[in-house]
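Architecture at a glance
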Amino acid sequence: MNLKWRSLFALAFVLLCAPTWAAEYWVSPGGSNLQNPGTQAAPWRTLNHALGGARMRAGDTLHVTPGVYDQDTLVVTVSGTADAPIRVAGEPGAKIHCTGRDGFFIMKNADNTIRPAYLIFEGLEVYGAARAGFLCSWGSSHITIRNCHIHDCGEWACMIDASDYAVIENCI
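A brief look at the structure comes next. (Residues numbered from 1 in each chain as written. Predicted model: local features only at pLDDT ≥ 70, side-chain atom pairs only at ≥ 80, totals over all residues. Heavy atoms only, no water.)

**Quick notes on the side chain of Gln71**
Locating Gln71 in the fold gives a position in strand E3 (residues 67–71). Of the polar contacts made by the side chain of Gln71, one reaches the backbone nitrogen of Leu47; its length is 3.0 Å. Gln71 has contacts with Arg45, Thr46, Leu47, Asn48, His97, Cys98, Thr99 and Gly100, leaving out every residue within four places of it along the chain. (Helix = DSSP H or I, 4+ residues; strand = E, 2+ residues; numbered from the N terminus. Polar contact = N/O pair within 3.5 Å; in protein donor to acceptor, adjacent residues only side chain to side chain. Contact = heavy atoms within 4.5 Å.)

This is the structure:
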C-alpha cells in the first residue's frame, strides 16, 4: 500500500473513531425559541422547544436557568444512550410551573418511532401539574429523576407506569 492510500486510510479511521462532542444548551424565561440558538448568551425560552423537537442529542446537557417557566405538559421526545445520557439540569431557582395535565410526559409516540431513554432530570422544582410532576410511561426507559423538589401536583409527584429502569433519588 503506497503512502497516499495509507494516509487516506489513517485519516478515515481517525474521523470515524473520533468522539462526538456533547453540546450544552440553555433555556431562560426571557429567551427566544424563534431567534436564539440555545447558548448561554442567547437561550431558548421553553423546555418544550429543547426537549420536544429533537434538537438535543445523546450526551447533551440542558441548563434550566433561574426563573419560573409556566408551561403546559412537557412532551419529551429525545433520547440519550447508556454511555451518553441527556441531562436536564436545573440551576438554583429554576421553577417549572406546570399548567397542564402532567409536568414532564415521557412516553413513546403513537407510531413507536420515538422511545425516550437515558434521560437524567436533576435539580428542578416542578409544581402545579393537574396529575403528575413526572410521568414515565409506555416505552420509556432508563429515566433518572434526582435532587428534585416536586410538589402541589394533583395526584402524584412521579408516576412510573410500564417504564423500564426508572430511578428516583433524593427528591422531595
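Resuming the write-up.
**Let's talk about the packing of aromatic side chains**
Considering all chains together, one arrives at four aromatic pairs under this definition. The interplanar angle of 20° and the centroid separation of 4.9 Å between the aromatic rings of Tyr25 and Trp44 together place this pair among those described as stacked. Here Trp44 lies in the loop between strand E1 (24–27) and helix H2 (47–51) and Tyr25 lies in strand E1, a separation of 19 residues in the sequence. In this pair, the class of Tyr25 matches that of Trp44, namely buried. (Phe/Tyr/Trp six-rings, centres within 6.5 Å; stacked < 30°, edge-to-face > 60°. Buried < 20%, exposed > 50% of the residue type's maximum accessible area, 1.4 Å probe, protein only.)

**Concerning the sheet that holds strand E12 (residues 149–151)**
Sheets are built from strands paired through backbone hydrogen bonds, the pairs being either parallel or antiparallel. Strand order in this open sheet of four strands is E3-E6-E9-E12, and the pairing throughout is parallel. This sheet does not close on itself; its edge strands, each paired only once, are E3 and E12. Each strand of the sheet is rotated relative to its neighbour by a mean of 15°, with strand direction disregarded. (Pairing = 2+ DSSP bridges. Axes fitted to C-alpha atoms, helices over the stretch in contact; angles between N-to-C directions.)

**Some words on the side chain of Ser140**
By the secondary structure assignment, Ser140 is in the loop between strand E10 (132–136) and strand E11 (141–146). Under the relative-accessibility criterion, Ser140 is labelled buried at 1%. At a separation of 3.5 Å, a polar atom in the side chain of Ser140 contacts the main-chain carbonyl oxygen of Ile106. Excluding anything up to four places from it in sequence, Ser140 contacts Ile106, Pro116, Ser163 and Asp164.

**Quick notes on the pairing of E10**
The element E10 is largely enclosed, with a buried count of five among its five residues. The pairing of strand E7 (residues 102–106) with E10 spans four bridges and is classified as parallel. Residue pairing across strands places Phe104 opposite Phe134, the latter belonging to E10. Relative to strand E13 (residues 156–160), E10 runs parallel, the two being bridged by four bridges. Counted as the bridge partner of Phe134 is Cys158 from E13.

**With respect to the environment of Leu74**
Tracing the chain through its elements places Leu74 in strand E4 (residues 74–76). Look at Leu74 and you get buried, because its relative accessible area is 1%. Excluding residues within four positions of it along the chain, Leu74 makes contact with Leu47, Asn48, Ile96, Asp102, Gly103, Phe104 and Phe105.

**Re the pairing of strand E6 (residues 94–98)**
Here E6 shows a clear split, with Ala94, Ile96 and Cys98 buried on one side and none of Lys95 and His97 buried on the other. Bridging between E3 and E6 involves five bridges; their strand directions are parallel. By the bridge assignment for E6, Tyr69 is matched with Ile96. Sheet analysis places E6 next to strand E9 (residues 125–127), joined by three bridges and oriented parallel. Bridge pairing in E9 places Ile96 opposite Val126.

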